[in-house]
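Chain by chain, the residues run as shown.
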Amino acid sequence: MRPEDILVPTPSGVCCKPGGFHIDPTRPVKKALITHGHSDHARAGNGAVLATQETLDIMRLRYGDNFAGTTQAVSYGETVKLDGATVSFHPAGHVLGSAQIRVECGGLRVVASGDYKDVADPTCASFELIPCDVFITEATFGLPVFRHHDAEGETAKLLRSIELFPERAHLVGAYSLGKAQRVMAMLRAAGHDRPIYIHGAMETITRYYESRAINLGQVELVRGANKAELGGHIIVCPPTAMSDLWSRRFPEPVTAFASGWMRVRARARQHGVTLPLVISDHADWDGLTSTISATGASEIWVTHGQEDALVYWCQTKGLKARPLDIVGYGDEDDAGAQAEAEA
Amino acid sequence: MNRFAELLDRLAYEPGRNAKLRLITDYLRGTPDPERGWALAALTGALGFKHAKAGMIRGLIAERTDPALFALSYDYVGDLSETVALMWPADPTQKSKSAPTLSDVVQTLSTLGKAQLPAQIARWLDGLDETGRWALLKLVTGALRIGVSARLAKTAVASLGNRESDEIEILWPGLTPPYLDLFAWLEGRANKPSTRDPAPFRPPMLAHAAEEPDLTALTAADYLAEWKWDGIRVQAVAGYDEHGELVARLYSRTGEEISRTFPDLLAALRLPCAIDGELLIMRETRVQSFNVLQQRLNRKSVTAKLMAEFPAHLRAYDLLAEGEEDLRDRPFSDRREQLQALITRLNDPRIDISPLVPFKTWNDLTAARADPSSAGAGADAEAVEGVMVKRRDAAYVPGRPKGSWWKWKRDPMVIDAVLMYAQRGHGKRSSYYSDYTFGVWSKGENGEELVPVGKAYFGFTDEELIQIDRFVRRNTVDRFGPVREVVHEPKSGLVLEVAFEALQRSTRHKSGIAMRFPRISRLRWDKPPAEADRLETLENMLTQREHATMPANGGGNV
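Between chain B and chain A, the contact holds 28 residues from the first and 30 residues from the second. Mapped by element, the contributors of at least two residues to the side of chain B that touches chain A are α2 (17–30), α5 (67–77) and α6 (80–87) of chain B. Per element, the largest residue contribution to the side of chain B that touches chain A is six residues, and it comes from α5 of chain B. Here the side of chain B that touches chain A is built from residues that sort into 11 nonpolar, eight polar and nine charged.

It is worth spelling out the pairing of strand β8 (residues 85–91) of chain A at this point. Residues and elements named next belong to chain A. Of the strand pairs in this sheet, strand β7 (residues 79–82) and β8 are connected by four bridges, and their pairing is antiparallel. Following the sheet pairing, T79 is matched in β8 by S88. Between the end of β7 and the start of β8, which pair antiparallel, lie two residues, with D83 showing a positive phi angle near 50°. Judged from the six bridges that link them, β8 and strand β9 (residues 99–105) form a sheet pairing that is antiparallel. By the bridge assignment for β9, S88 is matched with R102.

Before going further, it helps to examine the domain arrangement of chain A. Residues and elements named next belong to chain A. Considered domain by domain, chain A is made up of domain 1 (3–145 + 282–338) and domain 2 (151–277). Computed from C-alpha atoms alone, the centre-to-centre distance between domain 1 and domain 2 is 28 Å. Contact residues are listed per partner, giving 18 residues for domain 1 and 18 residues for domain 2. Per-element accounting of the side of domain 1 that touches domain 2 gives the leading share, four residues, to helix α2 (residues 53–63).

A few words now on the environment of A122 of chain B. Residues and elements named next belong to chain B. With respect to the helices and strands, A122 occurs in helix α8 (residues 117–127). On the neighbour-count criterion, A122 (14 C-beta atoms within 10 Å) is partly exposed. When the C-alpha positions of A122 and N540 are compared, they lie 57 Å apart, and in sequence the two are 418 residues distant.

Turning to the sheet that holds strand β11 (residues 405–409) of chain B, a few remarks are in order. Residue and element names in this part refer to chain B. Within the open sheet, the four strands sit side by side as β1-β11-β10-β2. Their pairing is mixed. Where the open sheet ends on each side, the last strands, each with one partner, are β1 (208–209) and β2 (223–229). Packing against the sheet, helix α18 (residues 362–370) makes contact with β2, β10 (384–391) and β11, and its axis sits at approximately 155° to β10.

Our focus in this paragraph is the nonpolar core. By size, the foremost hydrophobic cluster in this structure holds 156 residues, and its most contacted members are V172, V183, I235, V236 and A256 of chain A together with L136 of chain B. Those residues in contact with V172 of chain A, other than ones at most four positions away along the chain, are L158, V183, I234, I235, V236, A256 and A258 of chain A. Among the nonpolar cores identified, the runner-up in size contains 89 residues, and Y251, L279, A377 and I520 of chain B belong to it.

Inspection of the secondary structure puts M420 of chain B in strand β12 (residues 413–424). Dropping the residues within four chain positions of it, M420 of chain B is found in contact with T437, F438, G439, L450, P452, E485, V486 and H488 of chain B.

Turning our eyes to something else, we now look at the sheet that holds strand β14 (residues 219–221) of chain A. Residues and elements named next belong to chain A. With parallel pairing, six strands are arranged side by side in an open sheet as β14-β13-β15-β12-β16-β17. Bordering the open sheet on either side are β14 and β17 (275–277), each of which pairs with just one other strand. Neighbouring strand axes in the sheet, compared pairwise and without regard to direction, differ in orientation by 25° on average. Sheet topology places strand β13 (residues 196–198) next to β14; three bridges connect them, and they run parallel. Along β14, the bridge assignment pairs Y197 with E220. Lying over the sheet, helix α3 (residues 151–164) contacts β12 (170–173), β16 (254–258) and β17, oriented at roughly 155° with respect to β17.

Thresholds applied
Residues numbered from 1 in each chain as written. Chains lettered and ligands numbered in written order. Predicted model: local features only at pLDDT ≥ 70, side-chain atom pairs only at ≥ 80, totals over all residues. Contact = placed C-beta atoms within 7 Å. Helix = DSSP H or I, 4+ residues; strand = E, 2+ residues; numbered from the N terminus. Nonpolar A, V, L, I, M, F, W, Y, C, P; charged D, E, K, R; others polar. Pairing = 2+ DSSP bridges. Domains from an automatic or database assignment. Buried ≥ 20, exposed ≤ 12 C-beta atoms within 10 Å, placed from the backbone. Axes fitted to C-alpha atoms, helices over the stretch in contact; angles between N-to-C directions. Core = buried A, V, L, I, M, F, W, Y, C linked by C-beta atoms within 7 Å.

Quick look at the structure:
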C-alpha cells in the first residue's frame, strides 16, 4: 500500500479514503478528525467530529452547541477503528487539547501532526514523539532564521520592563486560545503575583483553561477596571486590539506581542510593537528538523508555512519530501493577522 | 555584551525619547566600568576601530550554512547582519561561558590585524545568543542605527549625577572612552574632569516659534531682528592648542563635528573665536537655496571640484567667545558689536555678518517678512526662511529660554491634495492612522488620476487626528500590510491642505517632485477631491523657483 492510498491531500484538507474521514477539513465534510481548536483547523458544520474532549469543548464554546452533527471524544493514546483504518490521538504540545493524529492502514503508519511544538508549556500536555513511516509536518517557522530560544527569557524581559516603567501599562498581544493562557502561566511561574487583566474576547477560553485545573492566578477583566490606573500592570489582549481604539485609554502603553514572528525585526516593526516577545506555540527550525529526524519517517509531507526550505532540507537528508498545497490554514481573516497571532 | 545587546534591542523598537533616556540611564547605572564607558562610546559614535566589511560576514556564514537555505532566509529577513545572527549555528552548551564583554570586543578590534578578524568574529558569535550576535554584527560593521543621537546619550549620562547635558557637552571633546573620569565625577567619587580642548562645542541657544500675536504683545524697541537663512545652523570655533597652533572646528547644531565636510570654510577661521551662524552655499555673492546646499551634502567625498562648484559660506549671527573671553553672559547687542568688529578683522569673503532687519513697529517687521527682497535681503530673498527676533539684552543661554529669541517663519506654500493612503503611527499614536500619503491630479494613461506627491504625519490638531483616523477606518478600500488605501475618487475622498517649505526635483518619486517639510495645515471637508490641485501647479511653482535662483536671471522674488 502506498501512502497516497491512505491519505490524499484535497482542497478541503487531508482525506483518508479507507477510513472515510478528513483531518482538519477547511470545508464541511461527513466525518472530520480535528487536531486542535484554532479556527483555521477546527471549523463548524461537519457531520461527525472526532477530537479530544478539550478540543470538542473549545469548539462548543466558540461555535455553540450545534457546531457538528455528532461528536466523539477520544483520549490521548486510545485506539479507534474507522472502517479500514485505525486512528489514535497523541499530544502535540501546541495548545490545550491539541493532538497529532496517527492513522494506520495495511501496516503503513502516517502521522498528521497538525500544529506542534516540542518545548515545555505549562498549559498543555507535552509533545509526544510517534514513530511513523510518513510524517505530515507543519512549516509555520520552516526557515533556519526562526530560533525561538527559551521563552522564559522573554517573560523575564517583560517583567524587567514593568520594573523600569512602573507607570506604563504593558499590553501583551497574544492569541486568545493557548498563547494568552501560556503567557499568564509563565508569568506566574516567574513569580509575578499582581492581578493580570484580560480583554473580553479571551474571557471564555481563559475561564475554560482555569476549569481544567490550569492555575493562572488572579485574572481580572479589563472591562471592569479603570484603564487609566493600570500603569505597571499586564493586560493580555488579542493582537488586533493593541493597535485599535481600545488601547487608547491606557497610560502610555508599552506594546508587547508574544509570537514566534517577533524573531524577525521587520515583522515586529510592521506591527508597531515596542517590546517583541519571541514566544511561539509552533516548533522552531531546530524543533521541526529534529522532530522529523526522530520520527524515523522516510517520507515527509510539508504543509502551511515556509514549505520550500523544509522540503529542501529533507531532501538533503535523503528523505522523500513534498509540499502539500492545502489552502485555508493560517490565512483566514484579516490578511493573515489571525494566523500570525496564533503563532 | 549581552546586557548591551539587550539595551540596543530595546532602543531599536522604542519610539519615545523619555523612554529611551530611561533605558540608557538604567543601563549606565547598572553596568560596571569600563563596560558602560565603551557602550557610551558606541552610542555617541566615538569608537574608532576599522569596520568589518559585509563580504567578510557573508564569507563566515557561507562556511557554516547551506547556500540555498541562506538565500531563502536572507530573502525573507532582508538584512544581512540579522540573517547571520539568527542562522549562526551556535553550540548552546558553551553559551554565556564564553560571551565576550563589550570591552573585549572594542579593545580587541582596535589592535587586531585584518587577517585574524574573521576567526575572532566567529569565536565571538559562537558565544552569543541571537540578540547578542545581532548587536555584535551591527557594531563591527558600523551600522548601529538605533535612533539614538549622541546628544540623547549624553543627556542620559548627565542624569546619573543630576547634571545638565550641556555640562557634559562642554567637557566632551576633552574626554576619551571608556570615560572613567566622567563616571567617577558623576557618581561623586572624583573631581570634575578638566577640559583642555582648544575648540570646544558650546550648546546652542534656540528660539521659540512665534505667531503674530506673540510679538505684538512685546515692546518693539527691546528687540533686534535679522533674517533667518535657510541653510544649516553651525558653530565655527577656533582656538590655540598647547603648542600654540590654531585649531579650527565646525560643529552642527547637535554638536556633531562636520569639519571634514567643509575644509574650505575652516581655512577662513584665522582668529580664535566661537561663531554661531548659518552655513550657506554662496555663488558670486548670491546665497543659494537649500536645495543647492543639499547637493553638496549628498556627496560622500569632498573634492576640489565640489568645493569650487558649491563654495561654503558662513553667515554669522552671534559671537560666543573671542580669544580666552567667554561672551555668553553679555547682552546680545554688545555681542553683535564685537562680532561685527571681529568679522571686519577677519576680512574674508567666506564669512560675513547676517544683516539686521530695520524696524520700528511690528507692522514694519510684518511687511519685511512678507517681502524680504525690498526690506534689505535683495536678491537673496529666496534663501530667507523668515525673521529672527532677539531681545537686545538677552544673554546667550543654552537650550530654549523663554522670551529671549523668536523665530517667525515666512508663510509656507500650500496646495490642496487628496488623501490616498494612511498608515498607523508610532509611540503614542500607534493606534491612530497618522501617516498620510497624498496626491494631486494628473493626466495618466487611463485619463485623470491621482499621483502621490508626498507624505505627512504632523500639522494637524489632536481633534483633527481623531477625525481623519475615523475617516480612514470608515473609507478603507484596500489593505497592503499595515497600509490602508483610502477612497480617492473625484466625488468622494478627503482633501488635505498641505503646507511645505520648498520643492525640488526627485527621481525617487513617481511624480518627479519632492516636498521639503510637508505638513497638513487644514482639512478641507468642504472640498470635493475633483477640485484639488493638479501636478502642473506644483511644476509651475518649481520652475518659477528655479528661475528665481539662477544667477543669470537677475533675481526677483516669487
